[in-house]
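Structural overview for review
In case you want the letters, here they are:
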Amino acid sequence: MSPLDRIANISILKQHEVDKLYKVESRPALSTSDQFCFLVRPRIKTMRYIADIVNADKMSGRSRKYKIIFSPQKFYACEMVLEEEGVFGDVTCDEWSFYLLPLDEDIISMELPEFFRDYFLEGDHRWINSVARALQLLNSLYGPFGKAYGIGRCAKMSYELWRDLEEESEGDGQGRKPEIGNIFLMDRDTDYVTALCSQVVYEGLVDDTFRIKCGSVDFGPDVTSSDKSIKVLLNAQDKV
């Protein structure tokens, strides 16, 4: 399950005249539609896939409209790749500031699996802005935080950028009654061990065996004893 599935399933999209959904990949999308809308993460590889699709249409003489929606934000490097591939003038770009995804009544996730690799392994700071804007969103929805505690360089940069954004916006949530007492920002590299420990709770065991994605698990035919797979949401309503 993707983050989009949590808020708009296929039936809802079809009600808004979405003809068909495709996964963005190297092979061309075979469609008779006169317009393509790409909802993507800002990744270089994905930009090259989109460029291949546009260039393939141009070579075959096919005319379409192309729109790229970046989520949660648009990066300049992605636009540069589109320009290098010669398709920047053929597409229109936009942003969908989708920073927080509620997985349960008391769990909110940014769903950025590439954050760890980009920041801690490659030293890429581009996602810091997304974290700061997610904090700004929480602050505007639930009122000012009581206190903020942090440990690590990434936590410090995220906090400082968030404070700068608050000053620029003049604190949209300042008039609200605080609903969140304290926030804790902790870098992953301050505690690698915890993430590698064995999970001995129910949901952890399910994750180790079947992998949980966006708060749901996909049980295959070997579990369902049928030819179909079943997607199950794991939240507080799960009686197990």
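This text gives an overview of the structure that appears in the document.

Rules used in this analysis
- Residues numbered from 1 in each chain as written.
- Predicted model: local features only at pLDDT ≥ 70, side-chain atom pairs only at ≥ 80, totals over all residues.
- Heavy atoms only, no water.
- Helix = DSSP H or I, 4+ residues; strand = E, 2+ residues; numbered from the N terminus.
- Axes fitted to C-alpha atoms, helices over the stretch in contact; angles between N-to-C directions.
- Parallel < 35°, antiparallel > 145°, perpendicular 65-115°, else oblique.
- Left-handed = near helix turned anticlockwise from the far one by under 90°.
- Contact = heavy atoms within 4.5 Å.
- Nonpolar A, V, L, I, M, F, W, Y, C, P; charged D, E, K, R; others polar.
- Buried < 20%, exposed > 50% of the residue type's maximum accessible area, 1.4 Å probe, protein only.

1. Focus on the environment of Leu4
Position of Leu4 relative to the elements: it lies in the segment before helix H1 (10-15). Linking Leu4 and Phe98, residues 94 residues apart in sequence, is a C-alpha distance of 9.9 Å.

2. Structural notes on the packing of helix H2 (residues 44-59) against helix H3 (residues 76-84)
Contact geometry for H2 and H3: axes closest at 9 Å, N-to-C directions at 30 degrees. Regarding the angle of H2 to H3, the classification is roughly parallel. In this structure, the crossing between H2 and H3 has a hand that is right-handed. Of the residues in H3, those touching H2 at Ile44, Met47 and Arg48 are Ala77, Cys78, Val81, Leu82 and Glu84. Tallied by class, residues from the contact of H2 with H3 come to 6 nonpolar, no polar and 2 charged.

3. Thoughts on the packing of helix H5 (residues 128-142) against helix H6 (residues 153-169)
Where H5 contacts H6, the axes come no closer than 8 Å and their chain directions differ by 55 degrees. Judged on the interaxial angle alone, H6 and H5 are oblique. Of the two possible hands of crossing, H5 and H6 adopt the one that is right-handed. Facing Ile128, Asn129, Val131, Ala132, Arg133, Leu135, Gln136 and Asn139 of H5, the residues of H6 in contact are Cys154, Met157, Ser158, Leu161, Trp162, Leu165, Glu166 and Ser169. A class-by-class count of the residues in the contact of H5 with H6 yields 9 nonpolar, 5 polar and 2 charged.

4. Quick notes on the environment of Val87
Within the secondary structure layout, Val87 lies in the loop between H3 and strand E3 (91-95). Judged by its relative accessible area of 0%, Val87 falls in the buried class. Residues Val87 and Leu121, spaced 34 residues apart in sequence, show a C-alpha to C-alpha distance of 31 Å. Every residue in contact with Val87, bar those within four places of it in the chain, is listed here: Ala51, Val54, Asn55 and Leu82.

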